[in-house]
Structures are given as C-alpha cells and as structure tokens.
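Examination of the molecular architecture
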Amino acid sequence: MTGARHLYVHLPFCASRCGYCDFVTVVGRSGQHAAYVEALLAELELERTALSPRLESVFLGGGTPTLTEPAALERLLHALPPADEVTVEANPETVTPELAALLRRAGVNRVSLGAQTFQARLLDVLDRRAQPEDVRRAVRILREAGFDNLSLDLIYGIPGQSPDDLEADLREALALEPEHLSCYELEAKPGTRFTHAHGEELARQADALETYFERVVATLTGAGFRWYETANFCRAEERDLRSRHNLAYWRGRDYLGLGIGAVSTIGGSRWRTTPRLGVYLAALAAGQRPPREIETLDAPVQRSERVLLGLRLDEPLSLAGLHGAVDAEALERLERLGLVERGDDELALTERGRYLGGGVTAELLA
Amino acid sequence: MEQPQEAAAEAESQRLARLRLIEERGVVAFVRVVDGAFAAGEPLRAMAQGTRFEAEEVGFFSPTMKAAETLGAGEVGYVITGLKDVSRLRVGDTLTSERNPAAEPLPGYKDVKPMVFAGLFPTDSDEYPALRDALERLKLNDAALFYEPETSQALGFGFRCGFLGLLHMEIVRERLEREFDLDLIVTAPNVAYRVLTKTGEEVEVHNPSEMPREIERVEEPYIKASIIVPKEHVGAVMELNTERRGRFDHMEYLSEERVLLVYELPLAEIVLDYYDQLKSRTRGYASFDYDVIGFREGKLERVDVLIAGEPVDALSLIVHRDGAYARGRLLVDRLREEIPRQFFDVAVQAAIGSRVIARETIKAKRKDVLAKCYGGDISRKRKLLEQQKKGNKRMKQVGSVEVPQEAFLAVLNLDGNNKK
C-alpha cells in the first residue's frame, strides 16, 4: 500500500449554528482551539503511515476553519505535510487581511468561501452571520493577498427564494469572477428544526424549485463555466481549476480524515472518528487513537461506489472492472430513454441524465 | 383428525337439510324424509344435481350419529353418501330412490350461483400455495364458494372467487384470514354479467378484464332490497337509492314510526359501499335485506385504464354509462396521485373502447440528484441509492412505467375504497 495522497482535516468550531447544517460543529469553546489543534497533530502522527509521503491535496473543512484562533490555525497549517493543492474553507465574515496573509504564508493556495446567497433576507433564513457585502469584501481581500484560486459556495432552493433571487445570486457570484463555484440544493431533512420552520414554504415552492438546478447549470455554463461535477463548476481555461481534493473522492481514491467526525477511506476500509470533542481530546492526550466506527467495503460495495461517484463527473466512467456493478437491463432502458450513453467500455450520463443523476444511478446499480 | 364442520350455506331445507363432511366417510347428508323410506345400501339420486350414490349408512341423531336400518317418512336423520366432493350435493336438493324415484323434486330448491366476485391475492406472493390450499379446504364444506386461478398484472397470482352475496364474501375472507392466518388483498367486488357479443355468443363475465370489447347487450343482476327505517330517514334512503340507479317499488308504514321501503337495484350498486352509506345516512337505524331477482339489461360500459398507452387489465371497470365519466375521472386522479413521477411524461387515461374519457399527465421529473457528495457521506449516499433501488424493485412494471403496488391498491382494494 502506497498510502493515501489526500488529507482532510476537520475544524469544527463555529460562531453559531446554521439551521440547515448537518456537519459536526462545535459552537463557542474558543479556549479549546489550541488543544484541538494539538490533538489533530497527535492524530496525524498516529496515522502518518497511512499517508503517502507526497500529498496531492489537503483540505481544511468545517465547521468554520477560519474561526479557529489564528495562532492555533497557523501552527496547524505549518505542521501539515505540503501538497499541490491546499484548500481552506472560510466564512466571508471571518476573512481579514491578517487572515489572508496568514493563509498565504502557510502555503494555502485555494480558498472556498461559503457565500450561500447574496440576499440579506435569505441569509437570515439560513441563520448565516455574513452580509452580502462581506462576501464581496472577502473576495477583494483574498485577491489582494494573491489568491488566484477561489471557490464560492452557493445554496439554492432556500425557502422564499424566487427564480429572480436565484438569477441575482448567480449574477452576483459571477461578477466576483471566482475560479470555481459549488452550487448545492438546500437539503431540508425531515424532522429537523429547519424543516419544521420552513417546510410549508418549501412545499409551496416545490414546482418552481424543480427548475432551479437547470437554471443554475444553464446560467453558469452560459458564462463559460464547466459543469464538471453534479454540483460543481469551474472556469474553463487552460489551468485545470477542478478541485483536486474533491475529484479524489469522486474517483474513488483513498483519503485520510483527521479530527472529530472525520471520515477516512483507505484500502477497502472506511472509518469515522468519534464526533465527540471531549472523547477525542482525551484519547489523543493519552496518546491513544480516538474511538472510530469502522465499515469494511467489500469488492461489490467498492464497485458500486465507483459507479455512483464516477457518474457525478462530466467525464465518462470507465467500466473496466465494474461490469458486475451495473444492471445491464436498466442500462439498456436508460439508454433508450436518452439518459445514459454507452461508449467503448465506458459510460456517461447525458445532460438530462445528469439532472436525474440520483435516480438514474439508483437504477443503474446492480 | 379434523373436527367436522358444518356447511355455511343456509338455503331453504327440504330433505337435504345440511351437509357435513367427515374425512374418512365422505359427505354426510342431513335429511328429513318426506315420503317413503330410505335403507342402508340403497342406490340414491340427488334430483337437481343428478348425483348418484349408494347410502352407506343411514341413522338418527340421539344426539350423536346412531346407525339404523331405515329412515321413515317424517323422520329426521342422516345419510352417509360416501361421496368425497361436497360440490356434488347441494343443500336443499331432493334425494330419491333410484329404484322407485319420485316424479318431481320437492319445491323450493334453488341452484345457488355466485353473484358477487372479487379477486383474492396474497399480500406476500410466497403465500400463494397457502391460499390455494386454504381455498381447497374451505370448499370442502362450503359448496357455494367458487374460485379459479387469476393472474393480475398488478397483484400477481391469486384467485377470482365467487360468492353468494356480500355476507358470504365477508365470511370467506374472515375465515381465510383467521383460520388460515393469511394476509389478503381483496379487490373491489363486482357482479356477474351476462353478455351477448356482436357475434351472437353469450358469455358470463366475472371479471371486468374479461368483458368483450364488442358488445351487443349486457345484463346485470338486480336485487329487490327491503329497507326498514325510521320515517325521518326515508328521504335520505330515497336519495341514496336514486343515486344508485334504484327503482322505487313501494313503501309501507309498518308502524307510525317505521317504514318499509322496497326498491329494485342493480346488485353492482350495492357491492361496494352501499351498506356503509345506508348506515351513515340514517344514523345507523336502517336495516337492509335483499334478494336477487334476476338479470336485466343495463347500459353498461367497460372502462379501461391506460398507463403510458398500455391498458392495465387489473384496473378495468364495468360501470353504468351515466357514471362512466365520473368514475374514469376519479380513477385517473387517484392514479396520478399514487404513481411517482418518472424520467418521462406518463399519460394516465380512462377509455371506453377507443374513446378517452379522462386524462392526466404525470410530468417527468426534472431533477433527481443528491446535491452534495463528499468523503464524509459516501456511505450514506450509497445506502440512499440502494434504498431507492430496492424501492424500484418493489414496483410493478407496466410497459416502461414503474407503478407501486400501493397505486393499484388505492384503486382496487376494498378497504382502501371504504376508507375514502
């Protein structure tokens, strides 16, 4: 085993919790940032053998990584192994010239900004703290600090978001000329506080929401972006601006995750580290691996995942070694319906197939 | 091994009062001798059925079965027939000696024919053999029960069963569920139709999907309904009967408060929810009794349901012309709600012959994606898709459309209809 070439580091701290968010986050506890970073580095040492000596990507996600106390964040970034692509997620309101300079100094070369929307009232619905102006300011600061690879996250399908609101968001995002855009449909999970508060509004909007995905794709591809993954777009230029880290997930590569709730997949085994901060800190302070849930991925499961992840991309999926994973009958049917195209031992979704990618993939899986 | 069970049918009794099947001795007939005498060993004939057999034993009940040499006029007793199949003797038939036969059977015997039909399907298709065995057993002591295998696109393998009436249907269903521990889907009942085809052929139709498309004339069974109700509810009952194509026959005041209403109604109009309606519109006071009075011509139409242009046998209906549009509309609306959106537009139509009377379109899905999928949630996404795939497998394929079983049940299931 050569080791994983992709490293994810989870920084869970947030100033407040957003209603729609289902990531592992910790609100407050600023006193624990330094201890948490020490624990991360201890965990890295324990897992070092699982990593390749040469990393392609490092991704700091959260939570709000940029809320981490600056000294602790800087220590972490300097201690992490170098990689070709180092991305940090940032909330717009946390971006200052000092932070930007810190990130640059520490070798970060890509920042993913959680813009979500440019409408103040919709930011409010999402419980976001940033104001529309914060996003513009953050982009300006990062550009001035020399970042030439910025990504914006947008959320669509927000309760109360009209088609005009969506167009305005896309326009505003494009005006900031990011290299990369991630556009997610809001997931309102049944039983959550968010759905309780906004479910009725979402049900009322259901018909209009149906069209938002198509609108997003049409607008962004019309502006010269490449729709390279279900929810991800990058400027089409000579430089390959796709997220290398996320491509690794979609191509089924091994990755190591550090931090609470982080997931790793290496050599047919997947594990999730405990999401409990106290348990995590205590274990690593004692020099132990924190508790984890382990899932063994047998060969058929690995093949299924290759299909379901690979079909998210705009490049054809090679079927070499995957034949057992695809339902031949379903494939034929979907081909007839113009949702799938079969090439020479490879498979791709048509444009319409990509809008229906979830259902199409479910049918394709054997 | 098995306790003998009494026949459920309670028709009028003449000589043959009851039948009982004892496994090792065959069918035992309970009789009252009207004329002459029976002796053991005598060849006998059932006059209506024509069944011939030899009386293996005759005797009395005192109170258990006690053999005797003969049974004389006026005596009540039993005849052990040695027959293995109960359907060869019918309650109410007249037994006579082969050597010295009676000229005429005793009056009053009616050959009971099933009038109400419904499909019985096991909820779990693996239970089909169990259902078949259970029906075979029931049939042993319920000669009036009729069944034949039926295959439905929607519900798989089951049986089309014929019953004497609604009560009989309820009893059979209850017995299958309680005594045989089966979980059943019972389709909405329909009646027997007599059809004269354009080619001059006469057929009896027990299942709407068998109704010929080229029809000269259709007859449906009618009943005479006697409804006793407090006088303040007479209006409500009349209204209900009018809705159900009833023809008023007469009305009698049984007392100052209670009224007997006699109506003639098509049996088809009462098989579904008539009784429930009657009860609810009269605050539970109405009592209802009916007799089948024969077949009459009706303006009946076969309504077919087409999903994406494919006719769905299981959903065909026979309805009166005046109600055809409303029923077609209802059916189509219900299906549109129940059938999930597909990758393409799906037309749901109700049609009489080639004439479409109702249509809805289930719009194609425009998006169906799991928006986010990163390292942390691959397992969850995989499980979601596996779940979705499993859900798809439970659906029935109608042409290229996936229809959930629930959609058929919403339209077919007796319980489902009653609840609405």
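Just above sits the structure.
Residues numbered from 1 in each chain as written. Chains lettered and ligands numbered in written order. Predicted model: local features only at pLDDT ≥ 70, side-chain atom pairs only at ≥ 80, totals over all residues.

Another point: the overall build of chain B. On a plain count of helices and strands, chain B comes out with eight helices and 28 strands. For the C-alpha atoms alone, the extent of chain B along its principal axes is close to 90 × 55 × 50 Å. Of all 420 residues assigned to chain B, the portion counted as buried reaches 36%. Within chain B, contacts between residues at least 6 apart in sequence are counted, and of these 64% link residues at least 24 apart. (Helix = DSSP H or I, 4+ residues; strand = E, 2+ residues; numbered from the N terminus. Buried ≥ 20, exposed ≤ 12 C-beta atoms within 10 Å, placed from the backbone. Contact = placed C-beta atoms within 7 Å.)

Below, the discussion takes up the interface of chain B and chain A. Contact with chain B, which involves 23 residues of that partner, is made by 34 residues of chain A. Residues that form the side of chain B that touches chain A fall into these classes: nine nonpolar, five polar and nine charged. (Nonpolar A, V, L, I, M, F, W, Y, C, P; charged D, E, K, R; others polar.)

What follows concerns the packing of helix α1 (residues 33-47) of chain A against helix α10 (residues 277-285) of chain A. Residues and elements named next belong to chain A. One can describe the packing of α1 onto α10 by two numbers: an axis separation of 9 Å at closest approach and a directional angle of 55°. Regarding the angle of α1 to α10, the classification is oblique. Where α1 crosses over α10, the handedness of that crossing is left-handed. Between α1 and α10, the contacting residues are Ala35, Tyr36, Ala39, Ala42 and Glu43 on the first element and Tyr280, Leu281 and Leu284 on the second. Of the residues assigned to the contact of α1 with α10, the class counts are seven nonpolar, no polar and one charged. (Axes fitted to C-alpha atoms, helices over the stretch in contact; angles between N-to-C directions. Parallel < 35°, antiparallel > 145°, perpendicular 65-115°, else oblique. Left-handed = near helix turned anticlockwise from the far one by under 90°.)

This part is about the sheet that holds strand β4 (residues 43-46) of chain B. Residue and element names in this part refer to chain B. Strand order in this open sheet of three strands is β5-β4-β10, and the pairing throughout is antiparallel. Edge positions in the open sheet fall to β5 (52-54) and β10 (95-97), since each of these has one partner strand only. On average, adjacent strands in this sheet sit at an angle of 35° to one another, irrespective of strand direction. As paired strands, β4 and β5 are joined by three bridges and run antiparallel to one another. (Pairing = 2+ DSSP bridges.)

Time to look at helix α3 (residues 234-243) of chain B. Counting along an α-helix, one turn takes 3.6 residues, and residues three or four places apart therefore face a common direction. All names here are of chain B. Among the residues of α3, those classed as buried are Val237, Leu240 and Asn241. Seen end-on, α3 carries its buried residues on one side only, within an arc spanning 95°. Among the exposed residues of α3, those pointing more than 90 degrees away from its buried face are Gly235, Glu239, Thr242 and Glu243. Residues of α3 that are buried make contact with β18 (215-230), β20 (258-266) and α4 (274-281). Looking at the residues trailing α3, positive phi occurs at arginine 245, about 60°. (Arc of directions from axis to C-beta.)

With that settled, consider the nonpolar core. Generally speaking, nonpolar side chains in soluble globular proteins are found buried as a group. Residue and element names in this part refer to chain A. In terms of nonpolar packing, the biggest core is built from 112 residues, with Val9, Leu113 and Tyr156 touching the most fellow members. The dominant element in this core, judged by the number of residues it contributes, is α1, at six residues. Discounting residues that sit within four places of it in the chain, valine 9 has contacts with Leu40, Val58, Leu60, Leu80, Leu258 and Gly259. (Core = buried A, V, L, I, M, F, W, Y, C linked by C-beta atoms within 7 Å.)

Once that is clear, we can look at unusual backbone geometry. All names here are of chain A. With an omega of 20°, the peptide bond between glycine 62 and glycine 63 qualifies as cis. Along the chain, glycine 63 turns up in the loop between β4 (55-62) and α2 (70-79). Its identity as a non-glycine residue notwithstanding, glutamate 177 has a phi of 50°, on the positive side. For glutamate 177, a count of 11 C-beta atoms within 10 Å puts it in the exposed group. Within the chain, aspartate 345 stands out as a residue other than glycine whose phi angle is a positive 55°. In this fold, aspartate 345 is placed in the loop between β16 (340-342) and β17 (346-349).

With that settled, consider the pairing of strand β8 (residues 180-185) of chain A. All names here are of chain A. Bridge count between strand β7 (residues 150-156) and β8: six bridges; the pairing is parallel. Residue pairing in the sheet places leucine 152 in a bridge with leucine 181 of β8. Viewed along the sheet, the connection from β7 through helix α6 (residues 163-175) into β8 turns out right-handed. For β8 and strand β10 (residues 232-235), the ladder comprises three bridges, and the chain directions are antiparallel. Considered in β10, the bridge of serine 182 is made with asparagine 232. (Right-handed = clockwise from strand over helix to strand, strands pointing away.)

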